[in-house]
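Next come the chains, spelled out residue by residue.
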Amino acid sequence: MHLTVPLLINPKAGSLFRSGLKAWLDEHRDDFTLVPTRSAEDLTARARELAEAGEPVIAAAGGDGTLMNAAQGLVGTNAALGILPCGTMNVFSRELGIGSRRFDVALDAIKNGARQEVDIFTVNDRPFLQMAGFGPDASIVKLITPKLKRNMGAAAHIVTGLKVAVRHHPVITITLPDGTEMQGTQIIMGNGKRYGGEAHLFANARYDDGKLDAAIIYQESMPILFEILGCMLQRGATSSNVSQFTNLCTFESCEISSEGTVDYQLDGDYAGTLHPGETATIRRLPQRLRVCIPRTPIPTTPIGRLMAHPMVDAWRTFLRRAQDF
Ligand SMILES: [Mg+2]
């Protein structure tokens, strides 16, 4: 029996064309039934409807943000999410071994792959798939304009990062369920190992262990970025390779507060601002999300991973253009 999978897409998304997915889909018409959606809410609603109608697999095309919208409709149902990763970073897709813009791998995962249950965590009841950040990393994504992102791709993060780095960063407090308190100027939580593209921030994180991994970095401005880079260059932080400025911990829930005003991001998108006196609650959803993963994750070498990183790629393009000037 030929399996036709419903595919949720935003027909107007530029990434559909930029990533080459549109052309690929033209060659795989028989595998999918396209389900056009009008908005993030519409996409979530359609995902839920299809799951309730008994579809075993519901695919979504997009970056981490779009996948999250689909996941919100599917969490707790029997339907598995099929991922066609056509965004800029595609961190969740890489985490699951599907890679970025590897549509043949994605299709194989849907048709012949395994089904995996994945934890979903929320910040103030808003779910995220891969990571959450409180502090300068959120201020960076808040400042990135769509125009800058269009022109520079992932390199926009670096340019904006330099702008944010010169600011003062308030102290953020994280409180664990047992009352333990830790303080930092940047807190990053990961459901999996990856933070941006292929870059690993948490060496030992798993998306199915019921826990979030967190790095609490206590540094001034620029050194925060060096701390993050340091963790990435070591293929992820462990308790034995982090500097004295970074604390690592894992938890099922926690609370975050700050003496100052702190931005936060979910899956690389600006999600909100925490003001003094306010608390953000991080929790795990009781239900998990089923996803389609390949039987064998796509193999990549460490250097291949580095060179394939969208930031490295964007910088190369940027430098090439600058040379042409
Ligand atoms: Mg985990």
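Calculation criteria
Residues numbered from 1 in each chain as written. Predicted model: local features only at pLDDT ≥ 70, side-chain atom pairs only at ≥ 80, totals over all residues. Helix = DSSP H or I, 4+ residues; strand = E, 2+ residues; numbered from the N terminus. Buried ≥ 20, exposed ≤ 12 C-beta atoms within 10 Å, placed from the backbone. Core = buried A, V, L, I, M, F, W, Y, C linked by C-beta atoms within 7 Å. Domains from an automatic or database assignment. Contact = placed C-beta atoms within 7 Å. Axes fitted to C-alpha atoms, helices over the stretch in contact; angles between N-to-C directions. Parallel < 35°, antiparallel > 145°, perpendicular 65-115°, else oblique. Left-handed = near helix turned anticlockwise from the far one by under 90°. Nonpolar A, V, L, I, M, F, W, Y, C, P; charged D, E, K, R; others polar. Pairing = 2+ DSSP bridges.

Student: So, unusual backbone geometry: which residues are in play, and what are the values?
Tutor: At asparagine 90, a residue that is not glycine, the phi angle is positive and equals roughly 55°. Among the structural elements, asparagine 90 can be located in the loop between β4 (80–85) and α5 (91–95). Exposure remark for asparagine 90: the 29 C-beta atoms within 10 Å place this residue in the buried category.

Student: How would you summarise the nonpolar core if you had to cite specific residues and measurements?
Tutor: In terms of nonpolar packing, the biggest core is built from 90 residues, with Ile58, Ala70, Ala71, Leu74, Leu81, Ile83 and Leu84 touching the most fellow members. Mapping this core onto the domain boundaries places at least three of its residues in each of domain 1 (5–112) and domain 2 (123–284). Dropping the residues within four chain positions of it, alanine 71 is found in contact with Leu81, Ile120, Pro127, Leu129 and Leu289.

Student: Account for the packing of helix α3 (residues 40–52) against helix α4 (residues 64–74), naming residues and giving values.
Tutor: Packing of α3 against α4 leaves a shortest axis separation of 7 Å and a crossing angle of 40°. One way to sum up the angle between α3 and α4 is to call them oblique. Considering the relative orientation of α3 and α4, their crossing is right-handed. Residue-level contacts link Ala40, Leu43, Thr44, Ala45, Ala47, Arg48 and Ala51 of α3 to Thr66, Asn69, Ala70, Gln72, Gly73 and Leu74 of α4. For the contact of α3 with α4, a count of residues per class yields 7 nonpolar, 5 polar and 1 charged.

Student: Could you give an account of the sheet that holds strand β18 (residues 269–274), naming the residues involved and the relevant values?
Tutor: Spatially, β15-β14-β11-β8-β17-β18 is the arrangement adopted by the 6 strands of the open sheet, whose pairing is antiparallel. Strand pairing shows two members of the sheet lacking a second neighbour, β15 (246–251) and β18, which therefore form its edges. Adjacent strand axes in the sheet meet at a mean angle of 20°, parallel and antiparallel pairs treated alike. Relative to strand β17 (residues 262–266), strand β8 (residues 131–134) is paired through 3 bridges, and the arrangement is antiparallel. The residue bridging phenylalanine 134 from the neighbouring strand is tyrosine 264, located in β17. Most of the contacts of helix α7 (residues 136–143) go to β17, to which it runs at about 75°, and overall it touches β8, β11 (186–190), β17 and β18.

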